[in-house]
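Take a look at the letters that make up each chain.
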Amino acid sequence: MREYDSPMYRTALAQLDETARLLSLDQGLHERLRHPKRAFIVSVPTQMDDKTTRVFTGYRVQHNLTLGPCKGGVRYHEDVTLGEVAALAMWMSWKCALMGLPYGGAKGGIAVRPWELSANELENMTRRYTSEIAPFIGPDMDIPAPDLGTDEQTMAWMMDTYSILRGYTVHGVVTSKPLLLGGSLLRREATGRGAVYVFERACRAFGWEPSGMRAVVQGFGNVGSVAAEALAALGAKVVAVGDRTGAVRNEKGLDIPALAAHAQENGGAVKGFPGGEGMSGDELLLQPCDLLVPAALGHVVTAENAGRISCRALLECANGPTSPEADAILGERRIAVLPDILANAGGVTVSYFEWVQDTEHYFWEAEEVDSRLRKIMTRAFEEVRALAEAKKVSLRLASLMLGVSRVAEGKRLRGLYP
Ligand code: NAD
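The paragraphs below set out a description of the structure included in this document. Note that the structure is a prediction, hence the values are computed from the model and not measured.

## Side note on the overall build of the protein
- Looking only at helices and strands, one finds 14 helices and 12 strands in the protein.
- Here the C-alpha radius of gyration of the protein, 20 Å, is about what a compact globule of 418 residues would show, namely 22 Å.
- Taking the principal axes of its C-alpha atoms as reference, the protein extends roughly 55 × 55 × 45 Å.
- Looking at the protein residue by residue over its 418 residues, the buried ones come to 57%.
- Taking as baseline every contact in the protein between residues at least 6 positions apart, the subset at least 24 positions apart corresponds to 68%.
- Only carbon and sulfur atoms are counted for the fraction: they give 50% of the accessible area of the protein, which is about 17200 Å².
- On the protein, the mean spot of the 46 positive side-chain charges and the mean spot of the 50 negative ones are 5 Å from each other.

## Thoughts on the nonpolar core
- Ranked by size, the top nonpolar core spans 96 residues in total, and within it Trp94, Phe199, Leu231, Val241, Leu259 and Leu315 carry the most contacts.
- Ranked by residues supplied to this core, first place goes to helix 3 (residues 82-98) with 13 residues.
- In this structure, Met48, Phe56, Val173 and Val174 belong to the second largest nonpolar core, which totals 23 residues.

## Digging into the environment of leucine 67
- Tracing the backbone through its elements, the reader meets leucine 67 in the loop between strand 2 (53-64) and strand 3 (70-77).
- For leucine 67, a relative accessible area of 31% gives the class partly exposed.
- Sequence spacing of leucine 67 and valine 407 is 340 residues, and the spatial spacing of their C-alpha atoms is 7.0 Å.
- What leucine 67 contacts, discounting residues up to four positions off in sequence, is Ala97, Pro102, Tyr103, Arg406, Val407 and Gly410.

## Topic: the site of the ligand
- As a structural note, the neighbourhood of the ligand is formed by 22 residues, with Asp147, Gly149, Thr191, Ala296 and Asn319 the closest of them.
- In the model, an oxygen atom of the ligand is placed 2.6 Å from a nitrogen or oxygen of the alanine 296 main chain.
- Notes on the ligand: free accessible area 830 Å², of which the protein chains cover 84%.
- Of all elements in the fold, only helix 6 (187-206) and helix 7 (222-233) reach the threshold of two or more residues within the shell around the ligand.
- Split by residue class, the shell around the ligand holds nine nonpolar, eight polar and five charged.

## Looking at the pairing of strand 2
- In terms of strand pairing, strand 1 (residues 38-47) meets strand 2 through 10 bridges, oriented antiparallel. Paired with valine 42 across the bridge in strand 2 is glycine 58.
- Where strand 1 folds back onto strand 2 in an antiparallel hairpin, the turn is made up of five residues, including lysine 51, whose phi is positive at roughly 75 degrees.
- Where strand 2 meets strand 4 (residues 104-111), six bridges bridge the pair, whose relative direction is antiparallel.

## Examining the sheet that holds strand 4
- Pairing within the open sheet is mixed, and its five strands lie in the order 1-2-4-3-5. Both edges of this open sheet fall to strand 1 and strand 5 (142-146), since each of them pairs with a single strand only. Ignoring which end each strand starts from, the neighbouring axes of this sheet average 25 degrees apart.
- Here helix 5 (residues 152-166) sits on the sheet in contact with strand 3 and strand 5, set at roughly 150 degrees to strand 5.

## Regarding the sheet that holds strand 11 (residues 313-315)
- Strand order across the open sheet formed by seven strands is 9-8-7-6-10-11-12, with mixed pairing between neighbours. Sheet topology places strand 9 (277-279) and strand 12 (336-338) at the edges, where each strand pairs with a single neighbour. Mean inter-strand twist for the sheet, computed between neighbouring axes without regard to direction, equals 20 degrees.
- Pairing analysis gives two bridges linking strand 10 (residues 291-294) to strand 11, with the strands arranged parallel. Pairing of leucine 291 across the sheet is with alanine 313, part of strand 11.
- Strands in contact with helix 6 are strand 10, strand 11 and strand 12; relative to strand 12, the strand with the most contacts, it is inclined by about 145 degrees.

## With respect to the packing of aromatic side chains
- Enumeration over the complete set of coordinates arrives at 10 aromatic pairs.
- An angle of 40 degrees between the planes, with centres 5.4 Å apart, marks the rings of tyrosine 4 and tyrosine 9 as tilted.
- Tyrosine 4 sits in the buried class, given a relative accessible area of 10%.
- Exposure remark for tyrosine 9: the relative accessible area of 2% places this residue in the buried category.

## Here we look at the environment of glutamate 365
- Along the chain, glutamate 365 falls in the loop between helix 12 (346-360) and helix 13 (366-391).
- According to the relative accessible area criterion, glutamate 365 is exposed, its value standing at 55%.
- Sequence separation between glutamate 365 and aspartate 290 is 75 residues, and the spatial gap between their C-alpha atoms is 35 Å.

## Side note on unusual backbone geometry
- For the bond from tyrosine 417 to proline 418, the omega torsion is 5 degrees, close enough to zero to count as cis.
- Structurally, proline 418 can be placed in the segment after helix 14 (395-414).
- For serine 24, which is not a glycine, the phi torsion comes out positive at approximately 50 degrees.
- Within the element layout of this structure, serine 24 appears in the loop between helix 1 (7-23) and helix 2 (27-33).
- Residue histidine 299 is not a glycine yet carries a positive backbone phi of 50 degrees.
- As for its position among the elements, histidine 299 is in the loop between strand 10 and strand 11.

## Concerning the pattern of salt bridges
- Going through the model one piece at a time under the given rule, you end up with 30 salt bridges.
- Notably, a salt bridge pairs arginine 60 with aspartate 142, separated by 2.7 Å at the nearest N-O pair. Placement of arginine 60 in strand 2 and of aspartate 142 in strand 5 is noted, with a sequence separation of 82 residues between them.
- A relative accessible area of 1% places arginine 60 in the buried class.
- Residues glutamate 84 and arginine 75 are paired through a salt bridge, measuring 3.5 Å at the closest nitrogen-oxygen approach.

What counts and how
- Residues numbered from 1 in each chain as written.
- Predicted model: local features only at pLDDT ≥ 70, side-chain atom pairs only at ≥ 80, totals over all residues.
- Heavy atoms only, no water.
- Helix = DSSP H or I, 4+ residues; strand = E, 2+ residues; numbered from the N terminus.
- Rg over C-alpha atoms; globule rule 2.2 N^0.38 Å.
- Buried < 20%, exposed > 50% of the residue type's maximum accessible area, 1.4 Å probe, protein only.
- Contact = heavy atoms within 4.5 Å.
- Areas by Shrake-Rupley, 256 points an atom, 1.4 Å probe, with all protein chains shown as cover.
- Lys, Arg positive; Asp, Glu negative; His and termini not counted.
- Charge placed at Lys NZ, Arg CZ, Asp CG, Glu CD.
- Core = buried A, V, L, I, M, F, W, Y, C linked by side-chain atoms within 4.5 Å.
- Near = heavy atom within 4 Å.
- Polar contact = N/O pair within 3.5 Å; in protein donor to acceptor, adjacent residues only side chain to side chain.
- Nonpolar A, V, L, I, M, F, W, Y, C, P; charged D, E, K, R; others polar.
- Pairing = 2+ DSSP bridges.
- Axes fitted to C-alpha atoms, helices over the stretch in contact; angles between N-to-C directions.
- Phe/Tyr/Trp six-rings, centres within 6.5 Å; stacked < 30°, edge-to-face > 60°.
- Salt bridge = Lys/Arg side-chain N within 4 Å of Asp/Glu carboxyl O.

Structural data, given as structure tokens:
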């Protein structure tokens, strides 16, 4: 499909095709899964602070709604394209099915450098984007959430805009909202924390000892900062952290709360942190460690660097951080990969809890959210591990086999209209 062609979409299709082969999937079902159900491209005219108007390009792709409404984040980044969003939407489909959530997969985004916009400009852009996609989203149709470059404030603007258009408050149209507006306790922490629950389970399964393990984390936003904190709480030493602005390292282990405080005071940037020495972002992924945690962009582990990465395991908090060529190299080098659709699924899992709470107008205690999250992450890991062992495939392929087969079975049961 020319419209979606991009490195990320090619990766997503290559994974699906390999999975379909392993599952001996019916040709018609396989073909249907290769195509997103719907894709929207919208112009987002935005008034800037200097009173000029800029028109950004926004996207929303709904890959499937076979098992329920679509679910997926909204990304603000300069590299956002239709193809990238389509790949991310497809991964959401497999992820939701893998976790047993009653959702299809979607993703959205705007091609923009959000760090260059003022809060007022971000609000104008977000509200206009929301109004352009409003006919296609809603609690029963498609429920956005934050992703790279967006946060709880973005969700508050989206929820407000959608509610104004409807004429009443619609809590369930987005998730990861501020608590006061129908958010869930622990949603912000859910992705990083969920990934570390998977890692803990993997340690038990594979005989790793987390205490004293050296970890390197790329990305110190919502996901990376929480994952780093949770790893440190397990006794791991986070020896290097990097972001868009650069990287810092400390052989004795970085003080993560101090780094988080530094980032908060410096527009989210780790650069200049006094508790470590500065380093270029390019060197980060090649730092020797036990656990490498990509928690920023896609396709950062590639054929070019996979042979030189020096770690025992990869905890994929980002979506699509490893190219298929790199995956093969890591496999040959016997580096374990805890794959994205499993490792970072804590976010959508607690988003699901938030949507349930919004629907019932009844909100849960933090302990309840946390224990349900741990239970679901653990169950998914054990299912994936059992299948990987039984079929002698990687954890990535086992995760995909579970996710893809469930969506395919839903399509088979529902049939093909007309
Ligand atoms: P965020 O915007 O909060 O943080 C992104 C971080 O990545 C920032 O520290 C930023 O500086 C860094 N970054 C950006 N460009 C970089 C570059 N070129 N090199 C190194 N670092 C760079 O985003 P987030 O919500 O933490 O999302 C991070 C990743 O996790 C994304 O791949 C996203 O799709 C994935 N993810 C997020 C969630 C969620 O709940 N937020 C859920 C599942 C997966």
